[in-house]
Amino acid sequence: MTTRSTPVGRPAPVALSEAPRRQARNSAAFWTAVGRSRGHVVIRRRGFVAVEGDARAGTRILIQEPELASGELAEVGELVRRAAGPVNAEDPYSSTDLGRLALRSWQMPVMLRPPGPVAEPALDVVRVGRSEDLRAAERIVIEGFELTGFEPYRPGELFPAALVEHPGVDVFVALVDGVPAGACVSLLDDGVGSHYWVGTSPAFRSRGVGRAVMLGSLATLAHLPATLTASKLGRPLYESLGYTAAGPSTWWASVPATP
């Protein structure tokens, strides 16, 4: 396994109650990096961060505070109304009601892992450095998450080359007999790591690929607290890796158009 070295120091402790806020900050940093690497507009306010993308990437809104001012709520509403593509919003505090904007919602837990040792992955895991590895990770995530908005496939649209040049961002790929089978993205920001797009190619599911790519990517963050937002299917894996649920995060998304 090859990884980028990270500075080793005494990590600042993160209480379970603080996990939603730290996840909010990390998610904003991640999507800011994604937006800038794509050339999209990034909007920063006290209570939220938004990335306005095109018709395929859509608009991403990251709630940053438990309470938004009336002007911020109005601006979020305007962002939703003028969005060129799909809208996705994350509220780690589950305190902002966006239902009036005709968005559907669901909840997933914010989870926290304290610093601690990480086992060796059972599969080869590589930190992406070559363009072909980045394209493989991109295809795995598009297929694994069924991101139909990114089909037909355009290389570099989901994961531009500039993304992995952003400080703190790493993309990892797990290999099965030399074939890319799983992928994830990690972001180290303000002393906390987090993971995004942990996915497995449909052809390699139920073969320990998700565990391997998580272990490989956690190796660079073992000395730091780490947060993430878990899907229902992913939660048992994360719990087995030392994560604990801190509270529900509410996600909002535009309703797909009826054919």
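See the structure printed just above.
On a predicted model such as this, the values are computed, not experimentally measured, just so you know.

Engineer: Which residues make up helix α3 (residues 131–144), and what values go with them?
Structural biologist: The end-to-end C-alpha distance of α3, which contains 14 residues, comes to 20 Å, matching closely the 20 Å that a straight helix rising 1.5 Å per residue would cover. The complete set of buried residues in α3 reads Asp133, Leu134, Arg135, Ala136, Ala137, Glu138, Ile140, Val141, Ile142 and Gly144. Contact partners of the buried residues in α3: β7 (169–176), β8 (179–189) and β9 (192–200). A positive phi of about 50° marks Glu146, the residue just after α3.

Engineer: A description of the packing of aromatic side chains should follow, citing residues and the corresponding values.
Structural biologist: Applying the stated criterion across every chain, the model contains six aromatic pairs. Between the aromatic rings of Trp31 and Trp197, the centroid separation amounts to 6.4 Å while the plane-to-plane angle is 75°, which identifies the pairing as edge-to-face. Of this pair, Trp31 sits in helix α1 (residues 19–38) while Trp197 sits in strand β9, and the two are 166 residues apart along the sequence. Of the two residues, Trp31 and Trp197, both sit in the buried class. Residues Tyr238 and Tyr243 carry aromatic rings whose centres are separated by 5.9 Å and whose planes lie at 70° to one another, so their mutual orientation is edge-to-face.

Engineer: How would you summarise the sheet that holds strand β3 (residues 59–63) if you had to cite specific residues and measurements?
Structural biologist: The strands that make up a sheet pair up through hydrogen bonds in the backbone, lying either parallel or antiparallel. In spatial order, the strands read β1-β2-β3-β4-β11-β5-β10-β9-β8-β7-β6; together these eleven strands make up an open sheet with mixed pairing. With partners counted over all chains shown, the strands left at the sheet margins are β1 (41–44) and β6 (124–127), one partner each. Averaged over all neighbouring strand pairs, the angle between strand axes comes to 20°, with direction disregarded. Note: β9 against strand β10 (residues 226–229), two bridges, orientation parallel. Within the sheet, the bridge partner assigned to Ser194 lies in β10 and is Thr227. The strands touched by α1 within the sheet are β1, β2 (48–52), β3, β4 (87–91), β5 (103–113), β7, β8, β9, β10 and β11 (244–254), with β9 carrying the most contacts at an inclination of about 65°. Contacting β1, β2, β3, β4 and β5, helix α2 (residues 70–82) runs over the sheet at an angle of about 15° to β2.

Quick notes on the rules
Residues numbered from 1 in each chain as written. Predicted model: local features only at pLDDT ≥ 70, side-chain atom pairs only at ≥ 80, totals over all residues. Heavy atoms only, no water. Helix = DSSP H or I, 4+ residues; strand = E, 2+ residues; numbered from the N terminus. Expected span 1.5 Å × (residues − 1). Buried < 20%, exposed > 50% of the residue type's maximum accessible area, 1.4 Å probe, protein only. Contact = heavy atoms within 4.5 Å. Phe/Tyr/Trp six-rings, centres within 6.5 Å; stacked < 30°, edge-to-face > 60°. Pairing = 2+ DSSP bridges. Axes fitted to C-alpha atoms, helices over the stretch in contact; angles between N-to-C directions.

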